[in-house]
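# Descriptive analysis of the structure
Each chain is listed here by its residues.
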There are 2 protein chains.
Amino acid sequence: MPKVVDPEQRRASVAEAVWRVVLRNGLDGVSVRTVATEAGLSAGSLRHYFATQAEVLTFAMQLVIDRVRARVHVATTVRDVIGELLPLDAERRAEAEVWLAFSTRAQVDPTLRALRDTSYDLLEALCGRLVEAVAPGAQDVEVERLYALIDGLVLHAVMRPDRATPELLRTVVDRHLEELVH
Amino acid sequence: MPKVVDPEQRRASVAEAVWRVVLRNGLDGVSVRTVATEAGLSAGSLRHYFATQAEVLTFAMQLVIDRVRARVHVATTVRDVIGELLPLDAERRAEAEVWLAFSTRAQVDPTLRALRDTSYDLLEALCGRLVEAVAPGAQDVEVERLYALIDGLVLHAVMRPDRATPELLRTVVDRHLEELVH
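First, a word on what this report is: a plain description of the structure on this page. These numbers were taken from a predicted model, which means no experiment stands behind them.

Of the transformation superimposing chain A on chain B, the axial component is 0.0 Å and the angular component is 180°, with the fit at an RMSD of 0.0 Å. Viewed as a symmetry operation, the transformation between the two copies matches a two-fold axis. Same-surface contact between copies: 100% of interface residues of chain A are shared with the interface of chain B.

Right under this line is the structure:
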């Protein structure tokens, strides 16, 4: 009897292999060969799940989006929702690294752009709801101000974890929310 | 008599060729061959100026830093200084694209990291001076809040110029400065 493999589970484990390759070598390191090796599969077997490199990358990014959405969905305060977007621990740091690498690559790879734009739109809409919850009737400019602040903090935490520590990120967000309320 | 070439001028024209390649194809597209072609030089001639790909990339990034510093130096208001950091026109947009590509690549290429960290430190110090100018004695957290806001706006303008327009960027910065003053 042939081994039964759950295709969705296999795809998820491949996506996580992509993550590890991205974190180690950047998106340049992602190829059918390197990902297959990382996932413990043959290149032929990997092609059964993903036909192109862009498909692999898109699936890994989609996994980031799904994970963030699931966590945001159960967060109960505005502060906690924002915390789920920030690289405050190893898991969220890995997501942020993949997000940054994917988003930067989308600048020059049109096949990745639609998903990057979708994640942008989701986060922009989320920031709109957060601002409305904290400061009902606030000006529209506050949505971009919060969203840019969050993405800047993510960027800094990814690039300079020694300067933009989890504690500093939390303090900045608390300061911003406190001021939005008033 | 052999042609006299100013080495500094040649290096700058090569760096600008790197920019064009980055904007078109990303940093993946940067090789001695592609940059030589873009600059109208032979690969051998290019190696006379830059021994490695990392040296070419570093020089292009250094050019961004030098240009931004020169403009910031002559800006007279806090608002104008911040404006020089934001991609409000084609020149500053190209700089921001190179900055993003370079900074992302530095995540996985240690040879680029020192210069990325230098540019981070310069901008952090600049934000410190801007906050002090606008709100003397403000809490330290305001420095990271301003810096993250600026980098988030740069990121958004590079990735979604349709949403994060120059007008919106200006409005967000004005709102933030107005609030820092009070």
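Additional details are given in the paragraphs that follow.
Taken together, the contact pairs 43 residues of chain A with 43 residues of chain B. Between chain A and chain B the total buried area reaches about 3700 Å² when both faces are included, carbon and sulfur atoms providing 60% of it. Of all residues in chain A, A:His156, A:Met159 and A:Arg160 bury the most surface against chain B, accounting for 17% of the area lost on that side. Where chain A meets chain B, there are 12 salt bridges. For B:Glu124, the salt bridge goes to A:Arg163, with nearest N and O atoms at 2.7 Å. Viewed at the interface, chain B and chain A are joined by 27 residue pairs in polar contact (both at pLDDT 80 or more). At the level of elements, α1 (7–25), α6 (90–106), α7 (110–134), α8 (141–159) and α9 (166–181) of chain A are the ones that each hand at least two residues to the side of chain A that touches chain B. At 14 residues, α8(A) tops the list of elements feeding residues into the side of chain A that touches chain B. Split into classes, the residues belonging to the side of chain A that touches chain B amount to 18 nonpolar, 9 polar and 16 charged.

The next subject is the nonpolar core. One finds A:Val18, A:Ile82, A:Leu86, B:Ile82 and B:Leu86 to be the most contacted residues of the largest nonpolar core, which totals 139 residues. Discounting chain neighbours no more than four positions away, the residues touching A:Leu86 are A:Arg92, A:Ile150, A:Leu153, A:Val154, A:Leu169 and A:Val173.

The next thing to look at is empty space enclosed by the protein. For the structure on display, the rule yields 5 cavities of 30 Å³ or more. In this structure, the largest cavity occupies an estimated 350 Å³ of space. Lining the largest cavity are 24 residues, and of these A:Ala101, A:Thr104, A:Arg105, B:Ala101 and B:Thr104 sit closest to its centre. Within the residue set of the lining of the largest cavity, elements represented by two or more residues are α6 of chain A together with α1 (7–25) and α6 (90–106) of chain B. When the residues that make up the lining of the largest cavity are grouped by side-chain class, the tally is 11 nonpolar, 7 polar and 6 charged. Lining the second largest cavity, in full, are A:Leu155, A:His156, A:Met159, A:Arg160, B:Trp99, B:Arg116, B:Asp117, B:Ser119, B:Tyr120, B:Leu123, B:Tyr147 and B:Asp151. Elements represented by at least two residues in the lining of the second largest cavity include exactly α8 of chain A together with α7 (110–134) and α8 (141–159) of chain B.

This paragraph deals with the packing of helix α4 (residues 53–74) of chain A against α6(A). Residues and elements named next belong to chain A. Relative to each other, α4 and α6 sit at 135°, their axes nearing to 10 Å. With respect to α6, the element α4 is oriented oblique. The element α4 and its partner α6 pack so that their crossing is left-handed. Along its contact with α4, which presents Gln53, Leu57, Thr58, Met61, Val64, Arg67, Val68 and Arg71, the element α6 presents Glu91, Arg92, Glu95, Val98, Trp99, Phe102 and Arg105. Classifying every residue of the contact of α4 with α6 by side-chain character gives 7 nonpolar, 2 polar and 6 charged.

The subject of this paragraph is the side chain of A:Glu97. Within the fold, A:Glu97 resides in helix α6. Beyond its immediate chain neighbours, meaning those up to four positions away, A:Glu97 contacts A:Leu23, A:Val158 and B:Gln107.

Here we take up the side chain of A:Arg71. Residues and elements named next belong to chain A. With respect to the helices and strands, Arg71 occurs in helix α4. At a separation of 3.4 Å, a polar atom in the side chain of Arg71 contacts the side chain of Glu91. When residues no more than four places from it in sequence are discounted, the contact partners of Arg71 are Glu84, Glu91, Arg92 and Glu95.

All names here are of chain A. This model, assessed by the stated rule, comprises 4 aromatic pairs over all chains. Between Phe50 and Phe59 the ring centres are 5.4 Å apart and the planes differ by 55°, which places this aromatic pair in the tilted class. For Phe50, a relative accessible area of 1% translates into the label buried. Here Tyr120 and Tyr147 contribute two aromatic rings whose centre-to-centre distance is 5.0 Å and whose plane-to-plane angle is 65°, an arrangement assigned as edge-to-face. Linking Tyr120 in helix α7 with Tyr147 in helix α8, this pair joins segments that are 27 residues apart in sequence. For Tyr120, a relative accessible area of 4% corresponds to the buried category. In this structure Tyr147 comes out as buried when scored by relative accessible area, which is 3%. Here Arg11 stacks its cationic end above the ring of Phe59, 4.8 Å away from the centre of that ring.

About the thresholds
- Residues numbered from 1 in each chain as written.
- Chains lettered and ligands numbered in written order.
- Predicted model: local features only at pLDDT ≥ 70, side-chain atom pairs only at ≥ 80, totals over all residues.
- Heavy atoms only, no water.
- Least-squares fit on C-alpha atoms with pLDDT ≥ 70 in both.
- Contact = heavy atoms within 4.5 Å.
- Buried area = accessible area lost by both parts, 1.4 Å probe.
- Salt bridge = Lys/Arg side-chain N within 4 Å of Asp/Glu carboxyl O.
- Polar contact = N/O pair within 3.5 Å; in protein donor to acceptor, adjacent residues only side chain to side chain.
- Helix = DSSP H or I, 4+ residues; strand = E, 2+ residues; numbered from the N terminus.
- Nonpolar A, V, L, I, M, F, W, Y, C, P; charged D, E, K, R; others polar.
- Core = buried A, V, L, I, M, F, W, Y, C linked by side-chain atoms within 4.5 Å.
- Buried < 20%, exposed > 50% of the residue type's maximum accessible area, 1.4 Å probe, protein only.
- 1 Å grid on protein atoms, 1.4 Å probe; cavity = no way out; pocket = protein on both sides within 12 Å on 5 of 7 lines; lining within 4 Å.
- Points joined across faces, edges and corners; volume = space filled by probe spheres on them.
- Axes fitted to C-alpha atoms, helices over the stretch in contact; angles between N-to-C directions.
- Parallel < 35°, antiparallel > 145°, perpendicular 65-115°, else oblique.
- Left-handed = near helix turned anticlockwise from the far one by under 90°.
- Phe/Tyr/Trp six-rings, centres within 6.5 Å; stacked < 30°, edge-to-face > 60°.
- Lys NZ or Arg CZ within 6 Å of the ring centre and 35° of its normal.

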